[in-house]
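Commentary on secondary and tertiary structure
Read off the chains here:
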Amino acid sequence: MIRSGKRIIMSTTYDSLLSAITDPAGREILDPATGEVVGTVAFGSVADLDAAVTRARAAQPAWAARSDDDRKALLLKAADAIEEAAEPLAELLSREQGKPLNGPNARFEVGACSAWLRATAATALPGETVVDDEETHAELRYRPVGVVGAIGPWNWPMMITIWQVAPALRMGNTAVVKPSEYTPLSVLALIEVLNGVLPADVLIPVAGEGEVGARLSSHPDIDKVMFTGSTRTGQAIIKSSADTVKRLTLELGGNDAGIVLPDVDAKAIAQDLFWGCFINTGQTCAALKRLYVHADVYDDVCAALVEVAGQMPMGRGLDENNVLGPLQNRAQFDIVARLVEAAKESGAKVLTGGDPDTDAPGHFYPLTLVADIDNDNPLVTEEQFGPALPIIRYTDVDEVVALANGLDVGLGASVWSGDADAARAIAGRLEAGTVWINGHGGVHPMIPFGGVKKSGYGLEFGVEGLKGVSVPQVING
Ligand code: NAD
């Protein structure tokens, strides 16, 4: 629900953090690894959302009137506060989302939150003179939009919240945040820590179901929506924001292709390929979700991936040995299971995995690599968002470029080769917001990130990200 912004003290513990955001009468949030209750949280109503927007609107002029240096300093203090509470935040994230503490997971995500706050504080969006001659002087400046609504998913709940709100606050906007109904505790805890530093009502979370998100995206006093989630919900937000002509940044679903050229050393790239596909147990927007491997190296790449997969322990996140966790929720487990079954029925070859223990507790789906699969199989054409990878054989570069571009989404893509020029030439032909060379999914706070086609529009990060939460204004004369 709506939090008042209590100060978090240096000695934040897991229990103190959880109790600060718990409502005993609220909704039970379950650990996806064990089914145990992690905590209970009050789900807000549309009326609660309206009240939060009123408060954020009232707080916005004073926040915008602060000096730029002031807001920068507060973002840096917020980064310090996250670092002081890093371990309890990571534990809560691990319990609620399922991702292990270790590996590129919970501690990594909390670390990224403070890193992004620091980078955002260090990034400026100065106005510029666009024409300056004897007759005309025109400047382009950037003003805050007003109140930003941030709606997020359950896969990287803390990091994506920071991606949405840090630039918004930096530019003088206030923000109302609607976390995913699957991972509200992580976001409420993060904002509790941030609000120990920020002035009241600058950043207000409202946990709730989709109806709260729907109200946020139609609310007359919300000026901009930053949305990260599925394409279907993004489409609903476009419609519900139409009457108020809201500005939107939409980071939607993806089904990223990776193309492996015949010159690679399969063993040398296997580890990076693995994490490109399976970071966060495959529950990542810009994970590699369809792997196209040239016939000359197909068997070698498959064998190398199977070997790496065999070295990656999956289990409860709090166990320091694990680097892979459960699916966050049963619905996602069911999607992955259905798609792997479809692949099996088509005669594709399961190299490893594909046989979940449905009697065991938790939503664990084993790492699954599927070879000899047709490009029109649902495991290839639908976003699996989990630990099951289809590996498709190709022989011709023009053909594989057409296959990679053949879907209606375009978040990321990658090309793997020892020949950087050849890889870059292919990269330029791919319909994706980002194409990585010899890697997949790496993000950087200064490098713009966003999708094309049904993966959405608008850019996050760096100077482009600040523009996304501003309105341009021309001063002519
Ligand atoms: P989702 O669309 O089901 O939910 C996202 C959020 O939207 C939740 O907070 C939900 O409550 C809210 N919501 C639901 N109905 C709404 C409505 N009508 N109006 C406004 N808000 C509404 O997405 P998810 O299942 O939580 O996340 C998984 C999806 O997110 C995947 O498709 C993944 O690729 C995508 N994703 C994209 C990026 C990116 O940067 N492009 C990053 C992470 C995840």
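The model shown is predicted, which means the values in this text are computed figures rather than measured ones. Along each chain, numbering runs from 1 in the same order as the chain's sequence is written. Note on the predicted model: pLDDT of at least 70 is required for a residue's local features to be given, and 80 or more for side-chain atom pairs to be given and counted; whole-chain, interface and lining totals, by contrast, use all residues. The basis for every side-chain value is the complete set of heavy atoms in the structure, and neither hydrogens nor water enter the calculation.

1. Overview of the overall build of the chain
- A run of H or I in DSSP counts as a helix once it spans at least four residues, and a run of E counts as a strand once it spans at least two, with each numbered from the N terminus. Counting its regular elements, the chain contains 16 helices and 20 strands.
- Scaling as 2.2 N^0.38, a compact globule of 477 residues should have a C-alpha radius of gyration of about 23 Å, and the chain matches this with 23 Å.
- With respect to the principal axes defined by its C-alpha atoms, the chain has extents near 65 × 60 × 40 Å.
- In the chain, buried positions account for 56% of the 477 residues.
- Residue contacts follow a heavy-atom distance rule, with two residues in contact if any of their heavy atoms lie within 4.5 Å. The long-range share in the chain, meaning contacts at least 24 apart out of those at least 6 apart in sequence, stands at 74%.
- Accessible surface, the chain: about 18,300 Å² in total, of which carbon and sulfur atoms supply 52%. Atoms counted for the radius of gyration: C-alpha only. Globule rule: 2.2 Å times the number of residues to the power 0.38. Only protein chains enter the area calculation, which uses a 1.4 Å probe; residues under 20% of their type maximum are buried, those over 50% are exposed, and those in between are partly exposed. With residues, only the protein chains shown are counted as cover, and all accessible areas are computed by Shrake-Rupley using a 1.4 Å probe.

2. Examining the packing of aromatic side chains
- Only centres within 6.5 Å qualify two rings of Phe, Tyr or Trp (six-membered ring in Trp) as a pair; their planes then separate them into stacked at under 30 degrees, edge-to-face at over 60, and tilted for everything else. In this structure the tally under the stated criterion is 11 aromatic pairs.
- Seen from their ring centres, F333 and Y365 are 5.7 Å apart, and the 65° between their planes marks the pair as edge-to-face. Of this pair, F333 sits in helix α12 (residues 330–345) while Y365 sits in the loop between β12 (349–352) and β13 (368–371), and the two are 32 residues apart along the sequence. Exposure class is identical for F333 and Y365. Each is buried.
- Considering the side-chain rings of F449 and F461, the 5.8 Å spacing of their centres and the 15° angle between planes classify their relative orientation as stacked. Taken together, the residues F449 in the loop between β17 (434–437) and β18 (452–453) and F461 in the loop between β19 (456–457) and α16 (462–468) connect sequence positions 12 residues apart.

3. Notes on the sheet that holds strand β4 (residues 137–144)
- A pair of strands counts as paired when DSSP detects no fewer than two bridges linking them. Strand order in the open sheet formed by 3 strands is β3-β4-β20, and the pairing between neighbours is antiparallel. Unpaired on one side and paired on the other, β3 (128–132) and β20 (470–476) mark the two borders of the sheet. Averaged over all pairs of adjacent strands, the angle between strand axes in this sheet comes to 25°, irrespective of strand direction. Interaxial angles span 0 to 180 degrees and are taken between N-to-C directions of axes, which are lines fitted to C-alpha atoms, for helices over the stretch in contact.

4. Here we look at the packing of helix α10 (residues 266–278) against helix α11 (residues 298–309)
- One way to put it is that α10 packs onto α11 with a least axis distance of 9 Å and a crossing angle of 55°. Considering their axes alone, α10 and α11 lie oblique with respect to each other. Once α10 is placed against α11, the crossing between them reads as right-handed. Residue-level contacts link A266, K267, A270, Q271, L273 and F274 of α10 to D300, V301, A304, L305, E307, V308 and A309 of α11. Any angle that falls under 35 degrees is termed roughly parallel, while one over 145 is termed roughly antiparallel, one within 65 to 115 roughly perpendicular, and all others oblique. For any pair of crossing helices, the crossing counts as left-handed if the nearer helix is rotated counterclockwise from the farther one by less than a right angle, and right-handed if it is rotated clockwise.

5. Comments concerning the site of the ligand
- Each residue is tested against the molecule or strand, and it is near if at least one of its non-hydrogen atoms lies within 4 Å. Near the ligand you find 28 residues, and of these K178, E181, S230, T233 and E383 are the closest.
- W154 is positioned such that a nitrogen or oxygen atom in its side chain is 3.0 Å from an oxygen atom of the ligand.
- A distance of 2.6 Å is found between an oxygen atom of the ligand and a side-chain nitrogen or oxygen belonging to S230.
- For the ligand, whose unbound accessible area comes to 850 Å², protein coverage reaches 87%.
- Of the grid points, spaced at 1 Å and generated over the protein atoms alone, those admitting a 1.4 Å probe that cannot get out make up cavities, while open sets with protein on both sides within 12 Å along at least five of seven lines make up pockets; any residue with an atom within 4 Å of a point is treated as lining. To decide whether a molecule occupies a pocket or cavity, check its atoms: if more than half lie within 2 Å of the grid points, it is inside. In a pocket analysis with a 2 Å cut-off to the grid points, the ligand is assigned to the largest pocket.
- Elements that contribute at least two residues to the shell around the ligand include exactly α8 (210–218), β8 (224–228) and α9 (231–240).
- The element contributing the most residues to the shell around the ligand is α8, with 3 residues.
- Here the limits of each domain have been adopted from an automatic or database domain assignment. Of the domains in this structure, domain 1 (14–253 + 455–476) and domain 2 (256–437) are the two that each give at least three residues to the shell around the ligand. A 3.5 Å cut-off defines polar contacts: any pair of N or O atoms within that distance qualifies, except that in protein one atom must be a possible hydrogen donor and the other a possible acceptor, and neighbouring residues in sequence count only when both atoms are side-chain atoms.

6. Here we look at a negative patch on the surface
- Together, D132, D133, E134 and E135 make up a negatively charged patch on the protein surface.
- If you trace the backbone, D132 turns up in strand β3. Any residue with relative accessible area above 30% and no salt bridge may belong to a patch, with like charges joined within 9 Å and the nonpolar Val, Leu, Ile, Met, Phe, Trp and Tyr side chains within 5 Å. Think of a salt bridge as a Lys or Arg side-chain nitrogen and an Asp or Glu carboxyl oxygen that are within 4 Å of each other. In this tally, Lys and Arg are treated as positive and Asp and Glu as negative; His is ignored, and so are the chain termini. To locate a charge, take atom NZ for lysine, CZ for arginine, CG for aspartate or CD for glutamate.

7. Considerations on the UniProt feature "domain: Aldehyde dehydrogenase" (unreviewed entry) in the chain
- Those residues carrying the UniProt feature "domain: Aldehyde dehydrogenase" (unreviewed entry) are residues 28–469 in this numbering.
- Annotation note: span residues 28–469, helix share 40%, strand share 19%, distance between end C-alpha atoms 34 Å. UniProt positions are given in the numbering used here, feature names are shortened, and annotations may be inferred rather than shown by experiment.

8. As for the domain arrangement of the chain
- Domain annotation of the chain identifies domain 1 (14–253 + 455–476) and domain 2 (256–437).
- For domain 1 versus domain 2, the separation of C-alpha centres amounts to 30 Å.
- Listed by partner, the interface residues are 29 residues for domain 1 and 29 residues for domain 2.
- The term buried area means the drop in 1.4 Å probe accessible area that two parts suffer when joined, counted for both and summed. Counting the surface lost from both domain 1 and domain 2, the interface buries some 2,300 Å², and carbon and sulfur atoms represent 57% of this.

9. A closer look at empty space enclosed by the protein
- Grid points are joined across faces, edges and corners, and a volume is the space filled by probe spheres set on the points. Taken as a whole, this structure holds 5 cavities of 30 Å³ or more when the rule is applied.
- Computed from the structure, the largest cavity encloses a volume of approximately 90 Å³.
- Listing elements by their share of the lining of the largest cavity, those giving two or more residues are β10 (256–260), β15 (409–410) and β16 (412–416).
- Its residues placed into classes, the lining of the largest cavity shows 8 nonpolar, 5 polar and 4 charged.
- Estimates place the volume of the second largest cavity at around 70 Å³.
- If you trace the second largest cavity, you find it lined by W116, A119, T120, T123, W163, P167, P445, F461, G462, G465 and L466. We call Asp, Glu, Lys and Arg charged. Ala, Val, Leu, Ile, Met, Phe, Trp, Tyr, Cys and Pro are nonpolar, and the rest, Gly among them, are polar.

10. A short note on the pairing of strand β5 (residues 147–151)
- Within β5, 5 of the 5 residues are buried, which leaves the element mostly enclosed by the surrounding structure.
- Along β5, one buried face is formed by V147, G149 and I151 and the opposite face, lined by V148 and A150, is buried too.
- One ladder, built from 5 bridges, connects β5 with strand β6 (residues 174–178); its direction is parallel. For G149, the partnering residue across the bridge sits in β6 and is V176.
- Note that the unit made of β5, helix α6 (residues 157–170) and β6 has a crossover that is right-handed.
- One ladder, built from 4 bridges, connects β5 with β8; its direction is parallel. In the sheet register, G149 faces β8, and the bridge partner there is V225. By convention, orient the strands away from the viewer: a clockwise path from the first strand over the helix to the second makes the crossover right-handed.

11. Regarding the UniProt feature "active site" (unreviewed entry) in the chain
- The positions UniProt marks with the feature "active site" (unreviewed entry) are E251.
- Topologically, E251 is positioned in strand β9 (residues 247–251).
- Look past the residues within four positions of E251 in its chain and what remains in contact with it is F227, T228, G229, L411, F449, G450, G451, S455, G458 and E460.

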